[in-house]
Amino acid sequence: MPGAAVDRLLEVVAALRRHCAWTAALTHESLLAYLIEESYELAEVVEAGPGEPDAAELKGELADILYQVLLHARLAEERGAFALADVADHLSAKLIRRNGHVFRPDGSLQDHFPDSIAEIERSYAAAKAAERAVAAAEVGGDAGLGAAGPDAGSDASADAGAGERSAAAGSPFATLPSSMPALALAAKTLERAEVAGLQVAVASTGAAGTADNPGAPHGAAVRGSTAEAGNPALDALAAAGAPQTEDELGELLFAVVRSARAHGLDAERALRTAIRRVHAAG
C-alpha cells in the first residue's frame, strides 16, 4: 500500500533526525547543496538515452530527491511550522486552482476537457496571472508598494514579501528564482515574456537602447510580440568579435539563448551535453 510505505518512510526519517548526529545537524541551508546535486543526477539519468531512462536508476534518483523533500518538511515540522501533509494539501490546492480546464474550484472534475494544447496553456496562463494580481494587491496592501514578489517557484499568493526579488509582484518574472542556472533563467525569462506579450530587447553593449526600441535599456522588457525571423543582435555581437567585458559576455550569452529558443533548442541541455562530451574525451 502506498500510504503504508510513505508512513514507514516518515518514521525512518524521524528516527534519523532523533538518533543520527549527522542528520540531526542538518539545516534547510546545509541541505541545499544536496538538493541541487541530486536534481542534476536525476537530469543525467533522464538524458542518458537513447530511449526511456533506466528504471532502477530513475527510481533511485527520485528516491534521493524525495528524501530531500522529506528532510525539509521534517525540519519545518520540528519547529512547528508545517508537516508533510500540509505540503501535500498545498500542492493539491495549487494544481486544482491552476488547472481549471480539468478541475472545478471545489476540486471535482469538469464535464469536458479541452483537446487543444493552446487552450490549455491559455487557461493555465490566466490562472497564474490571476495569482500574480492577488500577490501584487497583497504586497501593496501590506507595504504600500509592490517592490517584492512572491517566493521563487511558489504559489504566487503565498510568501509575497519573502526574500529579495528582481521583479515587482505582478510581473511575469516575479516568481523566477534568481538562483537558477543563468542559461535556464534566461530561457525561462524569454518564455515568460512571450506569454505576457513582452519583447525582451537584446542589444550590443555600449549604446543606449536598441534598434527595435531606441529608448529602452539593455535587456528591458517592452510590450509587443516576441516573434522574430532571425536574431540581428546575435549577428551584430558575433561580428564585433569576442566579448571583452562581463557585460558584453552576458549580452552575447543572452542572445545565444534567445536564438536557441527561437529554433526550438534547449540551451541548458546543449551545454550540459557539450560538457559531458569534454568529460568523456578526457
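Residues numbered from 1 in each chain as written. Predicted model: local features only at pLDDT ≥ 70, side-chain atom pairs only at ≥ 80, totals over all residues. Heavy atoms only, no water.

Regarding the packing of helix 1 (residues 2–19) against helix 4 (residues 55–78)
Selection rule: Note on geometry: axes are lines fitted to C-alpha atoms, helical ones only across the stretch in contact, with angles between N-to-C directions running from 0 to 180 degrees. Secondary structure is summarised from DSSP: a helix means a run of H or I of at least four residues, a strand means a run of E of at least two, and numbering begins at the N terminus for each. Helix crossings get a hand from a simple test, with the near helix turned counterclockwise from the far one by less than a right angle marking a left-handed crossing and a clockwise turn marking a right-handed one. When checking whether two residues touch, look at their non-hydrogen atoms; a contact exists if any pair is within 4.5 Å. Amino acid classes used here: Ala, Val, Leu, Ile, Met, Phe, Trp, Tyr, Cys and Pro are nonpolar; Asp, Glu, Lys and Arg are charged; the rest, including Gly, are polar.
Across the interface, helix 1 lies against helix 4 with an axial gap of 10 Å and an inter-helix angle of 65°. In this structure, the crossing between helix 1 and helix 4 has a hand that is right-handed. Of the residues in helix 4, those touching helix 1 at Leu-9, Leu-10, Val-13, Ala-14, Leu-16, Arg-17 and Arg-18 are Leu-66, Tyr-67, Leu-70, Leu-71, Arg-74, Leu-75 and Glu-78. Partitioned by chemical class, the residues of the contact of helix 1 with helix 4 number 10 nonpolar, no polar and four charged.

Looking at the side chain of Gln-68
You can see Gln-68 is positioned in helix 4. What Gln-68 contacts, discounting residues up to four positions off in sequence, is Leu-31, Tyr-34, Leu-35 and Glu-38.

Some words on the nonpolar core
Short version of the rule: In this text, buried Ala, Val, Leu, Ile, Met, Phe, Trp, Tyr and Cys residues form a nonpolar core when linked through side-chain atoms within 4.5 Å. Think of it in three bands: with a 1.4 Å probe and only protein chains considered, a residue is buried below 20% of the maximum accessible area for its type, exposed above 50%, and partly exposed in between.
Listed in full, the seven residues of the largest apolar core are Leu-183, Ala-186, Leu-190, Phe-254, Val-257, Ala-260 and Ala-267. When residues of this core are traced back to their parent elements, those giving at least two are helix 7 (182–196) and helix 9 (246–262).

Quick notes on the environment of Gln-68
Take Gln-68: its relative accessible area is 6%, and that puts it in the buried class. Each C-alpha atom of the pair Gln-68 and His-28 lies 9.7 Å from the other, and the pair is 40 residues apart in sequence.

Regarding helix 4
Going by this rule: Multiply 1.5 Å by the residue count of a helix minus one, and that product is the helix's expected span. As used in this structure description, the phrase polar contact means that two N or O atoms lie within 3.5 Å; if the pair is within protein, one of them must be able to donate a hydrogen and the other to accept it, and residues adjacent in sequence are counted only when both atoms belong to side chains.
Between its first and last C-alpha atoms helix 4 spans 34 Å; for 24 residues at 1.5 Å apiece the expected length is 34 Å, and the two agree. For helix 4, the set of buried residues is Glu-61, Ile-65, Gln-68, Leu-70, Leu-71, His-72, Ala-73, Leu-75 and Ala-76. Looking at where helix 4 begins, the residue whose side-chain oxygen comes 3.2 Å from the main-chain nitrogen of Ala-56 is Asp-54. Directly beyond the C-terminal end of helix 4, a positive phi value near 80° is found at Gly-80.

A word on a nonpolar patch on the surface
For clarity, the cut-off: What makes a patch is a set of residues exposed beyond 30% relative accessible area and free of salt bridges, joined within 9 Å when like-charged and within 5 Å when nonpolar (Val, Leu, Ile, Met, Phe, Trp, Tyr). The Shrake-Rupley method, run with a 1.4 Å probe, gives the accessible areas here. Residue values count only the displayed protein chains as cover. By definition here, a salt bridge exists when the distance from a side-chain nitrogen of Lys or Arg to a carboxyl oxygen of Asp or Glu is within 4 Å.
The grouping of Leu-9, Val-12, Leu-66 and Val-69 at the surface amounts to a nonpolar patch, some 270 Å² of accessible area in total. Elements supplying a minimum of two residues to the nonpolar patch: helix 1 and helix 4. Examined against the element boundaries, Leu-66 turns out to sit in helix 4.

Thoughts on the pattern of salt bridges
Tallied over the entire structure, the rule returns 10 salt bridges. Between Arg-17 and Glu-78 there is a salt bridge, and its shortest N-O distance comes to 2.5 Å. Of this pair, Arg-17 sits in helix 1 while Glu-78 sits in helix 4, and the two are 61 residues apart along the sequence. For Glu-78, a relative accessible area of 39% puts it in the partly exposed group. Arg-74 is the salt-bridge partner of Glu-77, the closest N and O atoms lying 3.9 Å from each other.

Describing the side chain of Arg-98
Here Arg-98 shows up in helix 5 (residues 84–98). A polar contact is formed between the side chain of Arg-98 and the side chain of Glu-131, at a distance of 2.8 Å.

A closer look at the packing of helix 7 against helix 9
The line we're drawing: Just so you know how the angles are binned, under 35 degrees is roughly parallel, over 145 roughly antiparallel, 65 to 115 roughly perpendicular, and the rest oblique.
Viewed as axis vectors pointing N to C, helix 7 and helix 9 meet at an angle of 55°, and their least axial separation amounts to 9 Å. Our classification of the angle between helix 7 and helix 9 gives oblique. The two elements helix 7 and helix 9 meet at a crossing, and its hand is right-handed. Facing Leu-183, Ala-186, Ala-187, Leu-190, Glu-191 and Glu-194 of helix 7, the residues of helix 9 in contact are Phe-254, Val-257, Arg-258 and Arg-261. Looking at side-chain class alone, the contact of helix 7 with helix 9 contains six nonpolar, no polar and four charged residues.

Some points on the confidence of the model for the protein
In plain terms, the rule: Confidence of the predictor in every single residue is expressed as pLDDT, which spans 0 to 100.
When pLDDT is averaged across the protein, the result is 79; 73% of the residues are at 70 or more. Least confident of the elements in the protein is strand 2 (residues 221–223), whose mean pLDDT is 49; most confident is helix 2 (residues 21–24), at 98. In this model residues 203–220 is a low-confidence stretch, pLDDT under 50, and it forms 30 contacts with partners more than four residues away in sequence or in other chains. The low-confidence segment residues 222–227 (pLDDT under 50) makes 17 contacts with residues lying over four places distant or belonging to another chain.

Here's the deal with helix 1
Each turn of an α-helix holds 3.6 residues, which means side chains three or four residues apart point in the same direction. What counts here: The reported arc concerns the directions from the helix axis to the C-beta atoms and nothing else.
Over its 18 residues, helix 1 extends 26 Å from the first C-alpha to the last, a length consistent with the 26 Å expected when each residue adds 1.5 Å. Within helix 1, the full set of buried residues consists of Val-13, Ala-14 and Arg-17. Projection of helix 1 onto a plane perpendicular to its axis shows the buried side chains occupying an angular sector of 100°, all on one side. Exposed residues on helix 1 whose side chains face more than 90 degrees from its buried face are Arg-8, Arg-18 and His-19. Looking at the packing, one finds that the buried side of helix 1 touches helix 2 and helix 4.

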